[in-house]
Amino acid sequence: RTLKLIRLLRIARVVNVFGELRIIIVSMVSSLKSLFWTMVLLMFMIYTVSIYLTQMVTERRNELDPGSDDVQPLDKYFGSLGTTMLSMFMAITAGVDWSEICN
């Protein structure tokens with residue numbers, strides 16, 4: 001009888017641990033919807049700013065001499081909308097320093 005009681009107590013303890021684990025998993029899954037919409041909003045903001053930056057850089061590049069040394073860094077980070085978005089994302093996520101992009 002005492003062994004059955006000990007076994008019952010052990011099972012009760014395991015159920016409590018799994019109950020807490022279930023709560024943690026449910027909380028993580030519930031937060032995925034908010035995380036998704038946050039990422040959508042972040043990408044929209046990056047897209048909007050990238051359109052503006054690409055337009056400004058294109059106008060500046062048209063003013064410069066094509067053989068100028070200033071054109072190559074502009075093309076590297078802001079040559080197209082895609083590269084501008086990538087540069088912005090890398091700067092936000094610490095892939096590239098802001099100072100490197102701004103220079």
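Residue indices begin from 1 for each chain and proceed along its sequence in written order. Given that this is a predicted model, residues contribute local features only at a pLDDT of at least 70 and side-chain atom pairs are listed and counted only at 80 or more, while totals for whole chains, interfaces and linings are drawn from all residues. Values reported for side chains reflect all heavy atoms of the structure, with hydrogen atoms and water molecules removed beforehand.

**Thoughts on the overall build of the protein**
Strands here mean DSSP runs of E at least two residues long; helices mean DSSP runs of H or I at least four residues long; both are numbered from the N terminus. Counting its secondary structure elements, the protein contains four helices and zero strands. Along the chain direction, N to C, the helices and strands of the protein fall in the order α-α-α-α. For the radius of gyration, the atom set is restricted to C-alpha positions; the globular benchmark scales as 2.2 Å times the number of residues to the power 0.38. On C-alpha atoms alone, the protein measures out to a radius of gyration of 27 Å, which is more than a quarter above the 13 Å that the 2.2 N^0.38 rule sets for 103 residues. C-alpha extents for the protein along the principal axes are approximately 95 × 20 × 15 Å.

**Points about the nonpolar core**
To define a nonpolar core, start from buried Ala, Val, Leu, Ile, Met, Phe, Trp, Tyr and Cys residues and group those joined through side-chain atoms within 4.5 Å. Each residue is assigned to one of three classes by its accessible area relative to the maximum for its type, calculated with a 1.4 Å probe on protein chains only: buried under 20%, partly exposed between the two thresholds, exposed over 50%. Counting nine residues, the largest nonpolar core consists of Val57, Leu64, Val71, Leu74, Tyr77, Phe78, Ala91, Val96 and Ile101. Tallying contributions element by element places helix 2 (residues 71–78) first for this core, with four residues.

**Observations regarding the packing of aromatic side chains**
Stacked, tilted and edge-to-face pairs are distinguished by plane angle, under 30 degrees for stacked and over 60 for edge-to-face with tilted covering the rest, among Phe, Tyr and Trp rings (Trp via its six-membered ring) whose centres lie within 6.5 Å. Per the stated rule, a full pass over the model turns up one aromatic pair. Ring centres of phenylalanine 36 and tryptophan 37 lie 5.0 Å apart, and the angle between their planes is 70 degrees; this geometry places the pair in the edge-to-face category. Judged by relative accessible area, which is 48%, phenylalanine 36 ranks as partly exposed.

**Structural notes on a nonpolar patch on the surface**
Each patch is assembled from residues with relative accessible area greater than 30% and no salt bridge, linking like charges that lie within 9 Å and nonpolar side chains (Val, Leu, Ile, Met, Phe, Trp, Tyr) that lie within 5 Å. We get accessible surface area from the Shrake-Rupley algorithm with a probe of 1.4 Å; when it comes to residues, only the shown protein chains can shield them. Salt bridge, as used here: a side-chain nitrogen of Lys or Arg that lies within 4 Å of a carboxyl oxygen of Asp or Glu. Side chains of Phe18, Leu21, Ile25, Val29, Leu32, Leu35, Met39, Met43 and Phe89 sit close together on the surface and give an oily, nonpolar patch of about 820 Å² of accessible area. With respect to the helices and strands, the residue isoleucine 25 is situated in helix 1 (residues 2–63). Accessibility expressed as a relative area gives 44% for isoleucine 25, which makes it partly exposed.

**Side note on helix 2**
Those residues of helix 2 not exposed but buried are Val71, Leu74, Tyr77 and Phe78. Taken around the axis of helix 2, the buried residues stretch over an arc of 145 degrees, which confines them to a single face. In helix 2, the exposed residues that point more than 90 degrees away from the buried face are Gln72 and Lys76. It is the directions from the helix axis to the C-beta atoms that the arc portrays.

**With respect to the packing of helix 2 against helix 3 (residues 81–92)**
Two elements in contact, helix 2 and helix 3, have axes separated by 6 Å at closest approach and are oriented at 80 degrees. One finds that helix 2 runs roughly perpendicular with respect to helix 3. Between helix 2 and helix 3, the contacting residues are Lys76, Tyr77 and Phe78 on the first element and Thr83, Thr84 and Ser87 on the second. As a working rule, the residues Ala, Val, Leu, Ile, Met, Phe, Trp, Tyr, Cys and Pro are called nonpolar, Asp, Glu, Lys and Arg charged, and the rest polar, with Gly in that last group. Taken together, the residues of the contact of helix 2 with helix 3 sort by class into two nonpolar, three polar and one charged. Interaxial angle, 0 to 180 degrees, is taken between N-to-C directions of lines fitted to C-alpha atoms, where a helix line uses only the stretch in contact. We call two directions roughly parallel when the angle between them is under 35 degrees, roughly antiparallel when it is over 145, roughly perpendicular when it lies between 65 and 115, and oblique otherwise. Contacts: residue pairs with any heavy atoms within 4.5 Å of one another.

**A closer look at the pattern of salt bridges**
For the structure shown, the criterion picks out two salt bridges. Notably, a salt bridge pairs glutamate 63 with arginine 60, separated by 3.6 Å at the nearest N-O pair. With glutamate 63 and arginine 60 both in helix 1 and three residues apart, the pair spans about one turn of that helix. Note on glutamate 63: relative accessible area 61%, which makes it exposed. Judged by its relative accessible area of 43%, arginine 60 is partly exposed. As a salt-bridge pair, arginine 61 and aspartate 75 come within 2.4 Å of each other at their nearest N and O atoms. Here arginine 61 is found in helix 1, whereas its partner aspartate 75 is found in helix 2, with 14 residues between them in sequence.

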